[in-house]
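This is what each chain is made of:
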Amino acid sequence: VTVIANESLQFLFTGLAIGSIYALVALSFTFIFNAGGVVNFAQGEFVMLGGFFAVTLTTWQVPLWLAAAGAVMGVGLVAGVIYMTTIRRLPNASTFTLIMITLGLAIVIHTIAQLVWGTQAKTLPELRGGEPFRIAGASITAHAILVMAVSATLMVMLYLFFKRTRAGQAMLAYSDNREGAALVGVNAKRVGLAAFILGGAVGGLAGFLVTPITTVNYLIGLTFTLKGFSAAVLGGFGNAGGAVAGGLLLGLLETFSTGILPSGYEGLVPLTILVLILMVRPGGIFGSRALFN
Amino acid sequence: MSLAANPVQQVVAVVEPVGGCRPAGVHECEFALSILTTLRAPPILYAKSDRDPSARVLQWPRFHWKEQEVERFLVGRMSALLLVLGFVLAGCGGASSSGAPTAKSPFKLAAILTLTGASAIFGQYERDGAQAAAAAINKAGGINGHPVELVVEDDAQNPNNAVLAFSRFATDDSVLALFGDTFGSATLAIAPLAQKAGIPILAPNATYSITHVGNPYIFRVAVAENVEVDALAQLVKKRGYKRIGLLYSTDAYGQQGHDLITTSPLINVVDSESFALAATDLTAQLTRVKSANPDALVLWDSGPAVGIGIKDATQLGMDLPIFSGLSANSPGNIAAANGVAELNKWLLLGLLDPKNLLPRQKVGFEAIKSSSGYDPTLNSAIGWDAVYLFAQALMKGADNPTRQDVSNGLEKVTNYQGMGGVYTYTKNGHDGANPDSMIWLKAEGDTFTTAAV
């Protein structure tokens, strides 16, 4: 118990830092779902690609901010191409078909990534390096704080985009009811493409930001997909505020259960709590897309 | 050549002068190829399409030939093809490396390795090392005058293929021993068959269980995990660390390592924490270990998390030496640690440092390098050692050895100074490589180099 008391501040910091990574991925899930109506299980691969694009650009001596821009635009482009070649050709595909397609795409993407970048882990320099901040014996890096700030900003921007802009409203309408949206003049094909490009771009940004913390390898996309999806469901799927809350909660649950439980049980508790929460609130903590409806 | 020409005659014309045997000085493969070249003459499958007469497409040639002609042609082509196949199977099937012709019969060593598939590179290294060793042994006169004949089969990274290939070898009485499989799971799959057939296996796997399942025919040509832990224990004792904090992955390698390290009498573990193989952050585990006040850390993992652990330990302000096993030997870990201070306090086990070769490694290193064109890796060294251990086992034996003679011979190998290890086998100890096989490495730049300990 004394261990818990002494170290709980460290667990809090670590949990928030990991949680903000999950939140970022959950946000990119939310975006593609809201805008395109697709639960994209290749979303974690977009995050992985963002990391690798930035790594490759920095090895070409490109400054870090330009590598970030390259990762965002590069993944957006890849996502757009993927949309044009697969999902656009299946306008009447059911949700399950789309999930199978995106799962297949995930395998294709990580296999190509293995061929291009190999199996070794790669990393990026932190945006703000140097000694971590130390507060009452616990430490947190400047980069982790930055990731949290970006998650928060992105959450507000997505909320405003879907709530206040015509494009955002059109996207929401499209994902809710494609035929209805088409009837009122929403260009379905253009909206779907825009959703994938922007969703890919958000994934690319997430990849650039988390690579200094988690490193990137060709298999890491699946981890991001699972954690990001869990976080999004926990908070309420399709809900930007819920994605961030779900991500932070999942990160804290994982860290505290690793810190408090006997070794080996840490994987058990977060998922058990996730199931319990969903049994009480099937729509997630904030309800599915509650903020937008 | 017109289509009406009888293809059977074409083939006979090629084969008859040599009477079914290849001309002297011509390799089987070249000879088979020369037959194929003569067969290529009429582009028979490029018949005209009925839909588009101008297009030359690959299709069944049924519109322009009489049925009889087709039949004659097929019979001729098939018999030629079978002939070529016969040559290929006899001569260039697998990758045989027979040396200069000698009067004495060859000693055959079969190999089942992963030469295609996602992890094919490991099997290819093993094959290159084994072939270089067979060539070197044969050049030096073979085993008491008998050349080593190495026959390699590919399992395409599938244990089922390994089992099939093994069944073929088992029925061939001239196969004295087997080198393989590249992957421990496939070795375990063929182990029961090997026991039944009495074929000794030189297994290049770290998998702990292969030599601890009571199969007297498996001989490990690699460093077992318990031997890694022995080397770790020796270092911990030598440096006088009294309180070890252990972080291990929850896969087979990590779990086995945890069991071996925590039960080692020389290592006092004050706290041990597990993490998933794909872990992206070890801060929580390290925080717990830190509160147990250790004087050194052990990061035991076969995945990419070691580098992350080194980085996280630095961020938590832990100023401790960190030790890892052979599996941490991947440049990705140096990249992941990203130049943090703790990287300078990290030591890991290794077998081969190209910049600081041990005396027992120099000959093999040069031989493999000159035959394969790249700096030999750990896997090439193991391939080299397997063939030399096979030779070692038969060196004092009869002119007409059995599979059992190879087993008995291997069990008499003591302190054999190989390229990838120092090997000793006994009646009940088939792990082979001892702690002297290993060196301690440290990170230097983006690669590893020998560390003085």
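Coordinates for the structure precede this section.
Conventions and cut-offs
- Residues numbered from 1 in each chain as written.
- Chains lettered and ligands numbered in written order.
- Predicted model: local features only at pLDDT ≥ 70, side-chain atom pairs only at ≥ 80, totals over all residues.
- Heavy atoms only, no water.
- Helix = DSSP H or I, 4+ residues; strand = E, 2+ residues; numbered from the N terminus.
- Buried < 20%, exposed > 50% of the residue type's maximum accessible area, 1.4 Å probe, protein only.
- Contact = heavy atoms within 4.5 Å.
- Expected span 1.5 Å × (residues − 1).
- Bend = angle between axes of the 7 residues up to and from the residue.
- Buried area = accessible area lost by both parts, 1.4 Å probe.
- Salt bridge = Lys/Arg side-chain N within 4 Å of Asp/Glu carboxyl O.
- Nonpolar A, V, L, I, M, F, W, Y, C, P; charged D, E, K, R; others polar.
- Phe/Tyr/Trp six-rings, centres within 6.5 Å; stacked < 30°, edge-to-face > 60°.
- 1 Å grid on protein atoms, 1.4 Å probe; cavity = no way out; pocket = protein on both sides within 12 Å on 5 of 7 lines; lining within 4 Å.
- Points joined across faces, edges and corners; volume = space filled by probe spheres on them.

**A closer look at the environment of Leu347 of chain B**
Residue and element names in this part refer to chain B.
In step 1: Mapped onto the elements, Leu347 comes out in strand β12 (residues 346-350).
In step 2: Look at Leu347 and you get buried, because its relative accessible area is 9%.
In step 3: Sequence spacing of Leu347 and Phe448 is 101 residues, and the spatial spacing of their C-alpha atoms is 9.7 Å.
In step 4: In contact with Leu347, not counting residues within four places along its chain, are Leu235, Arg239, Ile322, Phe323, Ser324, Trp440, Leu441, Lys442, Ala451 and Val453.

**A few points about helix α8 (residues 188-214) of chain A**
Residues spaced three or four apart along an α-helix face the same direction, because each turn holds 3.6 residues.
Residue and element names in this part refer to chain A.
In step 1: Its 27 residues place the ends of α8 37 Å apart at the C-alpha level, agreeing with the 39 Å of an ideal helix rising 1.5 Å per residue.
In step 2: Its maximal kink placed at Phe208, α8 deviates by approximately 30°, while the proline Pro212 follows within four residues.
In step 3: Along α8, 19 of the 27 residues are buried, which leaves the element largely enclosed by surrounding structure.
In step 4: Just downstream of α8, Thr215 is the residue with a positive phi angle, here 65°.

**Some remarks on the interface of chain A and chain B**
In step 1: Opposite the 33 residues of chain A that make contact, chain B presents 28 residues.
In step 2: Taken over both partners, the interface formed by chain A and chain B buries close to 2,200 Å², and the fraction arising from carbon and sulfur atoms is 52%.
In step 3: Contact with chain B buries surface across chain A, with Gln120, Thr258 and Ser263 of chain A losing the most and accounting together for 19% of the total.
In step 4: The interface formed by chain A and chain B contains zero salt bridges.
In step 5: Those elements that provide at least two residues to the side of chain A that touches chain B are α1 (2-36), α8, α9 (220-235) and α10 (240-260) of chain A.
In step 6: Counting residues per element, the side of chain A that touches chain B draws most heavily on α1 of chain A, at six residues.
In step 7: For the side of chain A that touches chain B, the residue count by class is 13 nonpolar, 16 polar and four charged.

**Examining the packing of aromatic side chains**
In step 1: Going through the model one piece at a time under the given rule, you end up with 20 aromatic pairs over all chains.
In step 2: Ring geometry for Tyr253 of chain B and Trp300 of chain B: centres 5.7 Å apart, planes at 5°, overall stacked. One end of the pair, Tyr253 of chain B, is in helix α8 (residues 252-263); the other, Trp300 of chain B, is in strand β10 (residues 296-300), and 47 residues separate them in sequence.
In step 3: Here the aromatic cluster, defined as three or more aromatic residues joined through ring pairs, consists of Phe29, Phe33, Phe41, Phe229 and Phe237 of chain A.

**Thoughts on the side chain of Asn40 of chain A**
All names here are of chain A.
In step 1: With respect to the element layout, Asn40 can be found in the loop between α1 and α2 (43-59).
In step 2: Given a relative accessible area of 2%, Asn40 falls into the buried group.
In step 3: Excluding residues within four positions of it along the chain, Asn40 makes contact with Phe29, Ile32, Phe46, Thr102 and Phe196.

**Describing empty space enclosed by the protein**
In step 1: Here the structure, examined in full by the defined rule, presents two cavities of 30 Å³ or more.
In step 2: Lining the largest cavity are 17 residues, and of these Ala17 and Thr141 of chain A together with Asp281, Thr283 and Gln315 of chain B sit closest to its centre.
In step 3: Of all elements in the fold, only α1 and β2 (138-140) of chain A together with α10 (305-315) of chain B reach the threshold of two or more residues within the lining of the largest cavity.
In step 4: When residues of the lining of the largest cavity are assigned to their parent elements, the largest contribution, four residues, is made by α1 of chain A.
In step 5: In terms of residue class, the lining of the largest cavity is built from seven nonpolar, six polar and four charged.

In short, geometric facts, not functional conclusions.
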